[in-house]
Amino acid sequence: KPSPWGPPEQGWWLAAGGIEWGLPVEEHGYEWGIPWEARIEQDAEGATVYLRDTTASDRVRAEIGVRLEAGAGFFTIRPRLENPTGAPLEVKYWTNAMLAPGGSNAPSADLRFVLPDSVSSVTVHSRGDESLPDYNQRMAWPVFNGVDYSKLGNWNHWLGFFEDPAQGEFMAVYDVGYDEGMVRVFPPDTARGAKVFAFGWHDPIPSSNWTDDGSSYVELHGGPAPTFDHSVTLPAGGHLQWFETWYPVAGLGGLRSANAKAAMNLSAGGGSADLAVAVVIPFSGDTSLSLNGQEIWRQGVSLVPGQPFRMTVPLGDQVPESGRLVLRLEAPDGAIEAEYGAELNLN
């Protein structure tokens, strides 16, 4: 159903779902409204679909490679922006994933937006709640004025914001109500854009703007510039490309951290710690848990995609009120495949 949004010169936008490639202007761009060419390549390790918007030689153009590896629980996206002209070009590009974990075609109030713990504030792009900071102003994250905005059910109206720039290598959504989510892992030095958007909860933008079936979603955006106001410059005849890893996660009870190899959840209380790990390729090695720098638990595991490992670990009789817990996934050669640490209340 045509929505009232989109670039002013286009005047509408179609919320078709999935992942869209927004160029050459900010947000959704307008290349979604033209035919794209698709080419498939297969090899012994997997298959890649190459999507191209144009072969024109007088404008910016894009080729997106989407690859699925055999036996893996992830896919990669390789945006490639090309400048075939003889002069530098200012370019805007955003990947936009429209997500509704859980199978009901709409998020629940328990959906969480998960950003790295290093993110302590974000830049507002737009909001319907006038009690929040205005356009281009900073807002504390995740708690602002006593409200935890990482939980969708705490939102009143619509809100969109940027990390400005990306502070880590991942962003995610995880719907605790459905115990399911989606992870984006990216190189923050190149893909400096990380944006969240949702329509609100208690008084949202009505879904009748884009559909007649009541379905809804939230958005994760990523791109090479930190906000919609910024551009990247492609030199004459030059290009820019990077690789991202995307994967679904489920059965973790929540999500605290992720990288290209694994997603992790960690919580504590009542003298024990609850931990969960999900991998994207088969893994054999150890999981371990440390408290204030001392290893207190270790177990060998053999993990496969789609089957998360969960464990409750007692912290001992003399557990302090709070402390730093560190969960690790360790390969047989000692390499740390994934790690998450946080200062948590333990009792």
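Everything below is about the structure shown above.
A short tour of the structure in this document, coming up.

1. A look at the side chain of Glu63
Then comes step 1: Along the chain, the position of Glu63 falls in strand S6 (residues 61–69).
Then comes step 2: Engagement of the side chain of Glu63 in a polar contact is seen with the side chain of Arg78, the distance being 2.6 Å.
Then comes step 3: Dropping the residues within four chain positions of it, Glu63 is found in contact with Arg39, Tyr50, Leu51, Arg52, Arg78, Pro79 and Arg80.

2. Thoughts on the packing of aromatic side chains
Then comes step 1: By the definition in use, this model includes 14 aromatic pairs.
Then comes step 2: Put simply, the rings of Trp5, Phe197, Phe199, Trp210 and Tyr217 pair up and form one aromatic cluster.
Then comes step 3: Against the face of Phe186 rests Arg184, its NZ or CZ located 3.8 Å from the ring centre.
Then comes step 4: Between the NZ or CZ atom of Lys195 and the centre of the ring of Phe162, over which it lies, the distance is 5.8 Å.

3. Considerations on the environment of Glu41
Then comes step 1: Along the polypeptide, Glu41 turns up in strand S4 (residues 37–43).
Then comes step 2: Separated by 247 residues in the primary sequence, Glu41 and Ser288 place their C-alpha atoms 40 Å from one another.
Then comes step 3: At 2.4 Å, the side chain of Glu41 and the side chain of Arg39 are in polar contact.

4. Some thoughts on the side chain of Glu82
Then comes step 1: Positionally, Glu82 belongs in strand S7 (residues 75–82).
Then comes step 2: A polar atom in the side chain of Glu82 sits 3.1 Å from the side chain of Arg52.
Then comes step 3: At a separation of 2.8 Å, a polar atom in the side chain of Glu82 contacts the side chain of Arg61.
Then comes step 4: Excluding its chain neighbours within four sequence positions, the residues that come into contact with Glu82 are Arg52, Arg59, Val60, Arg61, Leu234, Gly238 and His239.

5. Let's talk about the sheet that holds strand S24 (residues 262–269)
Then comes step 1: Taken in spatial order, the 4 strands of this open sheet run S23-S24-S25-S28, and their pairing is antiparallel. On the outer flanks of this sheet lie strand S23 (257–258) and strand S28 (309–314), each paired with one strand and no other.
Then comes step 2: Note: S24 against strand S25 (residues 272–279), 8 bridges, orientation antiparallel. Its bridge partner being in S25, Asn265 is matched across the sheet by Ala276.

6. Section: the nonpolar core
Then comes step 1: Counting residues in hydrophobic clusters, the biggest one holds 43 residues, and the most contacted among them are Phe113 and Trp155.
Then comes step 2: Contact partners of Phe113, with chain neighbours within four places excluded, come to Trp141, Tyr149, Ser150, Leu152, Trp155, Ala172, Val173, Val196, Ala198 and Val218.
Then comes step 3: Among the nonpolar cores identified, the runner-up in size contains 26 residues, and Ala262, Leu266, Leu275 and Ala331 belong to it.

7. Section: the sheet that holds strand S26 (residues 283–291)
Then comes step 1: Spatially, S27-S26-S29-S30 is the arrangement adopted by the 4 strands of the open sheet, whose pairing is antiparallel. Sheet topology places strand S27 (294–303) and strand S30 (336–345) at the edges, where each strand pairs with a single neighbour. Along the sheet, successive strands turn relative to each other by an average axial angle of 15°, direction set aside.
Then comes step 2: As defined by bridge partners, S26 adjoins strand S29 (residues 322–330) across 6 bridges and the pair is classed as antiparallel. What sits directly across from Ser288, in S29, is Arg328.

About the criteria used
Residues numbered from 1 in each chain as written. Predicted model: local features only at pLDDT ≥ 70, side-chain atom pairs only at ≥ 80, totals over all residues. Heavy atoms only, no water. Helix = DSSP H or I, 4+ residues; strand = E, 2+ residues; numbered from the N terminus. Polar contact = N/O pair within 3.5 Å; in protein donor to acceptor, adjacent residues only side chain to side chain. Contact = heavy atoms within 4.5 Å. Phe/Tyr/Trp six-rings, centres within 6.5 Å; stacked < 30°, edge-to-face > 60°. Lys NZ or Arg CZ within 6 Å of the ring centre and 35° of its normal. Pairing = 2+ DSSP bridges. Core = buried A, V, L, I, M, F, W, Y, C linked by side-chain atoms within 4.5 Å. Buried < 20%, exposed > 50% of the residue type's maximum accessible area, 1.4 Å probe, protein only. Axes fitted to C-alpha atoms, helices over the stretch in contact; angles between N-to-C directions.

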